[in-house]
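Structural features, examined
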Amino acid sequence: VEGRSIHRELLLTCCTGNPSDALHTFLLKQTSVQQLLRLERGLMQALEYANLVVSTRLQVSAQHLITILHEMHACAGWAHKFKSIGLDPAPLKTLMVQAQDLNRLGEHLLIECSQARGFVRTLFQ
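Presented here is an overview of the structure given in this document. Since we're looking at a predicted model, the values are computed, not measured. (Residues numbered from 1 in each chain as written. Predicted model: local features only at pLDDT ≥ 70, side-chain atom pairs only at ≥ 80, totals over all residues. Heavy atoms only, no water.)

**Some thoughts on the nonpolar core**
Selection rule: The nonpolar core is taken to be a set of buried Ala, Val, Leu, Ile, Met, Phe, Trp, Tyr and Cys residues, with the residues joined through side-chain atoms within 4.5 Å. Here's how the labels work: a residue is buried when its accessible area is under 20% of the maximum for its type, exposed when over 50%, partly exposed in between, all with a 1.4 Å probe on protein chains only. For the purposes of this entry, the term helix denotes a DSSP run of H or I that reaches at least four residues, the term strand denotes a run of E that reaches at least two, and both are numbered from the N terminus. Any two residues whose heavy atoms approach within 4.5 Å are treated as being in contact.
Residues Leu10, Cys14, Leu23, Leu27, Leu43, Met44, Leu47, Cys113, Ala116, Val120 and Phe124 constitute the largest nonpolar core, which totals 11 residues. Secondary structure elements with two or more residues in this core: helix 1 (6-16), helix 2 (21-29), helix 3 (33-76) and helix 5 (89-123). Not counting chain neighbours up to four residues away, the residues in contact with Leu43 comprise Cys14, Val120 and Phe124. One finds Ile66, Ala76, Leu92 and Ala99 within the second-largest nonpolar core, a separate group that totals seven residues.

**Details of the side chain of Glu9**
Locating Glu9 in the fold gives a position in helix 1. Judged by relative accessible area, which is 5%, Glu9 ranks as buried.

**Comments concerning the pattern of salt bridges**
Close approach of charged atoms allows side chains with opposite charge to pair. Which entries qualify depends on this criterion: By definition here, a salt bridge exists when the distance from a side-chain nitrogen of Lys or Arg to a carboxyl oxygen of Asp or Glu is within 4 Å.
Enumeration over the complete set of coordinates arrives at two salt bridges. Between Arg117 and Glu48 there is a salt bridge, with its nearest N and O atoms 3.1 Å apart. You can see Arg117 sitting in helix 5 and its partner Glu48 sitting in helix 3, a full 69 residues away along the chain. Relative accessible area serves as the criterion here: at 12%, Arg117 is assigned to the buried category. Residues Asp101 and Arg104 are paired through a salt bridge, measuring 2.5 Å at the closest nitrogen-oxygen approach. Placement of the pair is Asp101 and Arg104 together in helix 5, with a separation of three residues, close to one helical turn. The class of Asp101 is partly exposed, set by a relative accessible area of 33%.

Listed below in structure tokens is the structure:
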């Protein structure tokens with residue numbers, strides 16, 4: 001497809017599992033076995049790194065944030081004690097929902113990375 005870089009084509013293929021005709025032709029006719037092996041290795045390393053970052057940092061941080069926000073929300077329920085320092089349940093509830101959404105997106109990204117690794121393996125066989 002005109003206007004797309006080979007990097008974009010590879011990313012799209014990793015995400016969908018379906019290489020475009022142009023990418024398929026490029027991989028078959030323009031690359032050596034060694035280049036394909038390096039490309040496969042590089043893509044797999046990138047996907048593994050994304051998996052590592054999400055599972056060891058992003059999800060851990062999101063879960064910690066959710067716990068803290070729940071504790072703050074519980075405190076905000078005691079208006080006579082905590083209203084004076086600005087704890088308001090409504091914005092905290094919004095933040096809790098957003099933190100839970102972040103955690104769900106991390107889970108979704110892990111699933112997508114796993115599927116993309118399968119697509120890469122299939123693509124380079």
